[in-house]
Amino acid sequence: SGGIDIPGSPFILSIGRGVGDEANVAQFLELADGLGATLGCSRPIADNGWLPKARQVGQSGQLAAKCNLYVAMGISGSVQHQWGMKHVENIVAINKDPEASIFTIARYGIVGDMLEIAEELRKQKGIQ
């Protein structure tokens, strides 16, 4: 697993297809690190080889067992992904699609572009 502890992480920032391109993944590793989060991902990101399988949250991945805050960026919220995180008390969903199923389980929802929101978070936290 390379030291990745999805089940034991109290704060997970997870990315999905909304990341758009493999070249954008590195900035989310930096963002997660700067925020004190563990970077997770949905199955398509792991299946594409953009992040290792050890970072995948969901039925065919890891259960976010000790997570208190789960930020889902660009994740539609398939049933398989929800299996790994729907029990988390504080879910923040960020997605362009206001009809994305992730919003049905999220405590807080932001309809917007995850890349723009990530950029603003980096600015606010002083993360380069």
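Residues numbered from 1 in each chain as written. Predicted model: local features only at pLDDT ≥ 70, side-chain atom pairs only at ≥ 80, totals over all residues. Heavy atoms only, no water.

> Which parts of the structure should I look at to understand the pairing of strand β1 (residues 11-15)?
Consecutive side chains along a regular strand alternate between the two faces of the sheet. Where burial is concerned, most of β1 is hidden: five out of the five residues are buried. Burial of β1 is two-sided: the residues Phe11, Leu13 and Ile15 facing one way and the residues Ile12 and Ser14 facing the other way are all buried. Pairing geometry for β1 and strand β3 (residues 69-73), over five bridges, is parallel. Paired with leucine 13 across the bridge in β3 is valine 71. Across four bridges, β1 lies against strand β2 (residues 38-41) in parallel orientation. When the sheet's bridge partners are listed, isoleucine 15 is paired in β2 with cysteine 41. The parallel pair β1 and β2 is bridged by helix α1 (residues 25-35), and the resulting crossover is right-handed. (Buried < 20%, exposed > 50% of the residue type's maximum accessible area, 1.4 Å probe, protein only. Helix = DSSP H or I, 4+ residues; strand = E, 2+ residues; numbered from the N terminus. Pairing = 2+ DSSP bridges. Right-handed = clockwise from strand over helix to strand, strands pointing away.)

> Help me understand the nonpolar core, please; the structure alone is not making it clear to me.
Within soluble globular proteins, side chains that are nonpolar generally end up buried alongside one another. Among the nonpolar cores identified, the biggest contains 21 residues, and Leu13, Ile15, Phe28 and Met73 are the most heavily contacted of them. Where this core is concerned, the elements lending two or more residues are β1, α1, β2, α2 (43-47), β3, β4 (90-95) and α4 (114-125). Considering every element that reaches this core, the biggest residue donor is α1, with four residues. Once residues within four sequence positions are removed from consideration, isoleucine 15 is found in contact with Val25, Phe28, Leu39, Gly40, Cys41, Ser42, Ile45, Leu51, Met73, Ile75 and Met114. Ranked by size, the runner-up nonpolar core spans 17 residues in total, among them Val57, Ala64, Met85 and Ala100. (Core = buried A, V, L, I, M, F, W, Y, C linked by side-chain atoms within 4.5 Å. Contact = heavy atoms within 4.5 Å.)

> Teacher, can you tell me more about the sheet that holds β1 here?
Strand pairing within a sheet occurs via backbone hydrogen bonds; the two strands may be parallel or antiparallel. Across the sheet, which stays open at both edges, the five strands sit in the order β2-β1-β3-β4-β5 with parallel pairing between neighbours. Only two strands of the sheet have a single partner each, and these edge strands are β2 and β5 (108-111). Neighbouring strand axes in the sheet, compared pairwise and without regard to direction, differ in orientation by 15° on average. In this sheet, β5 lies alongside β4 in parallel orientation, the contact comprising four bridges. Bridge pairing in β5 links asparagine 95 to valine 111. In the packing of α4 onto the sheet, the strands contacted are β1, β3, β4 and β5, and the crossing angle to β3 comes to about 130°. (Axes fitted to C-alpha atoms, helices over the stretch in contact; angles between N-to-C directions.)

Any functional reading would require information that these geometric values do not contain.
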